[in-house]
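The chain contents come next:
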Amino acid sequence: MSDLKSRFIEVYGVLKQELLNDPAFEFDHDSRQWVDRMLDYNVPGGKLNRGLSVVDSYRLLKEGKELTDDEFFLSSALGWCIEWLQAYFLVLDDIMDGSHTRRGQPCWFRVPKVGMIAANDGVLLRNHISRILKNHFRDKPYYVDLLDLFNEVEFQTASGQMIDLITTIEGEKDLSKYSLPLHRRIVQYKTAYYSFYLPVACALLMAGENLDKHVEVKDILVQMGIYFQVQDDFLDCFGSPEVIGKVGTDIEDYKCSWLVVKALELCNEEQKKLVHENYGKVDPACVAKVKELYKTLDLEGAFVEYEKESYEKLTKSIEAHPTKEVQAVLKSFLAKIYKRQK
């Protein structure tokens, strides 16, 4: 584990202890133990990319200078707020989707004796963010901006989740709704704001910047988030499960995936009929037919073309940015995701 990551994880331990001893609530042994276990199960288990990128971005905004202990702690605390936000979304998301596993272990609500208590745990996770921000940022001039930022991004993400859910209502499955603009809207709101814009916005606020003056940075990061999700959609079908760490189920789940949208754009009437008859069915034979069609339509080639175009467009937008430090932040994000395999 890198030194940065292990230092970052130490901050999680500090924040957790503060929450378990929050004076606003009288904890007893059982409630403290429950929250302790719930946090360890749901918050630090991922790749931590979103959280770590706050620290990374802040360092780059400071022209790559070594951060003081205080700066490291505060940027890590904001990074952990994003990881808490992610945990909150995922715990509730898994209940909504009836999922079975997450990050290689049973979903929290599937754990014996947890069940629907997980819904309240999701609410608690969201509230922990406000507690962390209050404990560490209340005296900062950008405190209100931080609260605003987290509230707005949460609203955007929940709204993105809503359009995703209402597009796939059971019994109302209608592939004719699936289009590139819809795919883009879902991704922009459900993923791009909290995964790409939020970490950089946190770092900009800490560096004393006004977010209203960085609208073009937000636009670039949202584009990057869309490109990232298209990669995800592609890997779900064409990536190897050993590398991506999961078996893709977008076809079975009737997902508004970039692949199906692109396929519908390219296919003739007969092929369209095949998609309508087989997409969203759990039967492996149906899934195989859809995958076969993806190969026939050379969606792999279409993706390679899309990736190249996106990379060139993003690079051009980044290089047009007036400040070198912000350019460095954006370039570091793009480098992490370009041509990724997982």
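As shown above, the structure is provided for reference.
Residues numbered from 1 in each chain as written. Predicted model: local features only at pLDDT ≥ 70, side-chain atom pairs only at ≥ 80, totals over all residues. Heavy atoms only, no water.

Glancing now at the packing of helix α1 (residues 3–20) against helix α2 (residues 29–42). Contact pair α1 / α2: the axes reach a minimum separation of 10 Å and the direction vectors enclose 150 degrees. One finds that α1 runs roughly antiparallel with respect to α2. Relative to α2, the crossing made by α1 is right-handed. Contacts between α1 and α2 involve Tyr-12, Lys-16 and Leu-20 from the former and Arg-32, Val-35, Asp-36, Leu-39 and Asp-40 from the latter. Classifying every residue of the contact of α1 with α2 gives 4 nonpolar, no polar and 4 charged. (Axes fitted to C-alpha atoms, helices over the stretch in contact; angles between N-to-C directions. Helix = DSSP H or I, 4+ residues; strand = E, 2+ residues; numbered from the N terminus. Parallel < 35°, antiparallel > 145°, perpendicular 65-115°, else oblique. Left-handed = near helix turned anticlockwise from the far one by under 90°. Contact = heavy atoms within 4.5 Å. Nonpolar A, V, L, I, M, F, W, Y, C, P; charged D, E, K, R; others polar.)

Across all of its chains, the model carries 17 salt bridges by this definition. Notably, a salt bridge pairs Asp-94 with Arg-102, separated by 2.8 Å at the nearest N-O pair. Bridged by salt links that share partners, the residues Lys-16, Asp-36 and Asp-40 form one connected network. (Salt bridge = Lys/Arg side-chain N within 4 Å of Asp/Glu carboxyl O.)

Looking at the secondary structure, you find Thr-157 in helix α6 (residues 143–167). Assessed through its relative accessible area of 4%, Thr-157 is described here as buried. Aside from chain neighbours lying at most four places away, what touches Thr-157 is Phe-89, Tyr-189, Lys-190 and Tyr-194. (Buried < 20%, exposed > 50% of the residue type's maximum accessible area, 1.4 Å probe, protein only.)

Below, the discussion takes up the nonpolar core. Core analysis: the largest hydrophobic core is formed by 82 residues, its most contacted members being Trp-84 and Met-224. Excluding its chain neighbours within four sequence positions, the residues that come into contact with Trp-84 are Tyr-12, Leu-15, Leu-19, Leu-39, Val-43, Leu-125, His-128, Ile-129 and Ile-132. Counting residues in each nonpolar core, the second largest holds 29 residues, with Cys-237, Tyr-294, Ala-302 and Phe-303 among its members. (Core = buried A, V, L, I, M, F, W, Y, C linked by side-chain atoms within 4.5 Å.)

Turning our attention to the packing of aromatic side chains. Following the criterion strictly, the structure yields 21 aromatic pairs and no others. Consider the rings of Tyr-189 and Tyr-193, whose centres lie 5.6 Å apart with planes at 45 degrees: the pair is tilted. You can see Tyr-189 and its partner Tyr-193 sitting in helix α7 (residues 180–206), 4 residues apart, about one turn around the helix. Between Phe-234 and Phe-303 the ring centres are 4.1 Å apart and the planes differ by 5 degrees, which places this aromatic pair in the stacked class. Taken together, the residues span a long stretch of sequence, with Phe-234 in helix α8 (residues 215–238) and Phe-303 in helix α13 (residues 299–319) at a distance of 69 residues. For Phe-303, a relative accessible area of 6% translates into the label buried. Grouped by ring-pair contacts, the aromatic residues Tyr-227, Phe-234, Phe-238, Trp-258, Phe-303 and Tyr-306 constitute a single cluster. (Phe/Tyr/Trp six-rings, centres within 6.5 Å; stacked < 30°, edge-to-face > 60°.)

Quick look at empty space enclosed by the protein now. Within this structure, the stated rule accounts for 3 cavities of 30 Å³ or more. Approximately 100 Å³ is the volume found for the largest cavity. In terms of lining residues, the largest cavity is bounded by Tyr-41, Asn-42, Ala-87, Leu-90, Val-91, Asp-94, Arg-102, Arg-103, Gln-105, Pro-106, Cys-107 and Trp-108. Every element with two or more residues in the lining of the largest cavity is listed here: α2, α4 (69–97) and β2 (105–106). No other element matches α4, which puts 4 residues into the lining of the largest cavity. Per-class residue counts for the lining of the largest cavity are 7 nonpolar, 2 polar and 3 charged. In terms of lining residues, the second largest cavity is bounded by Asp-233, Asp-236, Cys-237, Asp-250, Ile-251, Ser-257, Leu-259, Tyr-279 and Tyr-294. Of the residues assigned to the lining of the second largest cavity, the class counts are 5 nonpolar, 1 polar and 3 charged. (1 Å grid on protein atoms, 1.4 Å probe; cavity = no way out; pocket = protein on both sides within 12 Å on 5 of 7 lines; lining within 4 Å. Points joined across faces, edges and corners; volume = space filled by probe spheres on them.)

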